[in-house]
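Coordinates in review
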Amino acid sequence: MRTVHFWTSLAVLLTGGLVAGSGILLLLKKDAQWLQPAVVAASQTGASDVRVDALFDAASAAAARPLRWDEIDRIDVRPADGIAKVVTDDALEYQVDLHTLDVLSTGHRGADIVEQIHDGSFFASWVKYVVMIPSGAALLILWLTGMYLFFMTLLKKNSKKRDPGD
């Protein structure tokens, strides 16, 4: 078990560090403006019957140059906040008021790049399948062998305390 644990830990040394480090950053993304812009208060909360193309037009008008639909990664509608987040492929976020169609905030979403590093897709699309999934399996093996080694050590120590003649 010690040999399996030792060599498996070597295999996940780099990917484990990337996943752990990026995971910590993702946990803090709501607290750091450079990771994700804070949600700005809208004119009112609740949903509206605004059309998606109107959200796109509002974001495009606020952009440095007019946007194209193929540059949009997603439009995240937040009725509880009264806003929609129009996010481009280059990680720019436009927060649009659902009721007035005013662009309330524009900012860079660093968390999107951190997410891509976390799942391996930042490096290449195949990395998450060829590198990250086997690393996850290796991490599970590390956990299992670590638990085995931990409890076996405890059992041996306890048996020596009970039987001092050994």
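Our subject in this report is the structure included herewith. (Residues numbered from 1 in each chain as written. Predicted model: local features only at pLDDT ≥ 70, side-chain atom pairs only at ≥ 80, totals over all residues. Heavy atoms only, no water.)

A few points about the overall build of the protein
A tally of helices and strands in the protein yields five helices and four strands. Secondary structure elements of the protein occur, N-terminal to C-terminal, as α-α-α-β-β-β-β-α-α. The C-alpha radius of gyration of the protein comes to 24 Å, more than 25% above the 15 Å expected for a compact globule of 166 residues. C-alpha atoms of the protein, sized along the principal axes, occupy 85 × 35 × 25 Å. The buried share of the protein, taken over its 166 residues, is 31%. Of all intrachain contacts in the protein linking residues separated by at least 6 positions in sequence, the fraction that spans at least 24 positions is 53%. Surface accessibility of the protein: about 10600 Å² in total, with carbon and sulfur atoms responsible for 64%. (Helix = DSSP H or I, 4+ residues; strand = E, 2+ residues; numbered from the N terminus. Rg over C-alpha atoms; globule rule 2.2 N^0.38 Å. Buried < 20%, exposed > 50% of the residue type's maximum accessible area, 1.4 Å probe, protein only. Contact = heavy atoms within 4.5 Å. Areas by Shrake-Rupley, 256 points an atom, 1.4 Å probe, with all protein chains shown as cover.)

Thoughts on the sheet that holds strand β2 (residues 83–88)
With antiparallel pairing, four strands are arranged side by side in an open sheet as β1-β2-β3-β4. Each having just a single partner strand, β1 (72–78) and β4 (103–108) make up the two edges of the open sheet. Each neighbouring strand pair of the sheet contributes to a mean axis angle of 15°, computed without reference to strand direction. Pairing of strand β3 (residues 92–97) with β4, which is carried by five bridges, proceeds in the antiparallel orientation. Looking at the pairing, E93 lines up with G107 of β4. Lying over the sheet, helix α3 (residues 52–62) contacts β1, β2, β3 and β4, oriented at roughly 120° with respect to β3. (Pairing = 2+ DSSP bridges. Axes fitted to C-alpha atoms, helices over the stretch in contact; angles between N-to-C directions.)

Section: the nonpolar core
Counting twelve residues, the largest nonpolar core is built from L55, F56, A58, A59, A63, L67, I72, A84, V86, Y94, V96 and L98. Where this core is concerned, the elements lending two or more residues are α3, β2 and β3. Take this core: its biggest share by element is four residues, from α3. With residues up to four places along the chain from it excluded, the contact list for Y94 reads A59, A62, A63, L67, A84, K85, V86, T88, V103, S105 and T106. In terms of nonpolar packing, the next biggest core, distinct from the first, is built from five residues, L26, L35, A111 and V114 among them. (Core = buried A, V, L, I, M, F, W, Y, C linked by side-chain atoms within 4.5 Å.)

Examining a nonpolar patch on the surface
Side chains of L140, W143, L144, M147, F150, F151 and L154 sit close together on the surface and give an oily, nonpolar patch of about 700 Å² of accessible area. Relative to the assigned elements, F151 resides in helix α5 (residues 127–162). (Patch = residues over 30% accessible without salt bridge, like charges linked within 9 Å, V, L, I, M, F, W, Y side chains within 5 Å. Salt bridge = Lys/Arg side-chain N within 4 Å of Asp/Glu carboxyl O.)

Focus: the pattern of salt bridges
Two side chains that carry opposite charge are able to pair once their charged atoms sit near each other. Within the structure shown, the criterion is met by ten salt bridges. With a closest N to O distance of 3.7 Å, R68 and E71 form a salt bridge. With a relative accessible area of 47%, R68 lands in the partly exposed category. Three or more residues are tied together by salt bridges with common partners; here these are D73, R74, E93, R109 and D112.

With respect to the packing of aromatic side chains
As enumerated under the stated definition, the model contains four aromatic pairs in all. Ring centres 5.1 Å apart and planes at 80° place the aromatic pair F150 and F151 in the edge-to-face group. (Phe/Tyr/Trp six-rings, centres within 6.5 Å; stacked < 30°, edge-to-face > 60°.)

Everything listed here is a matter of geometry and, on its own, says nothing about what the molecule does.
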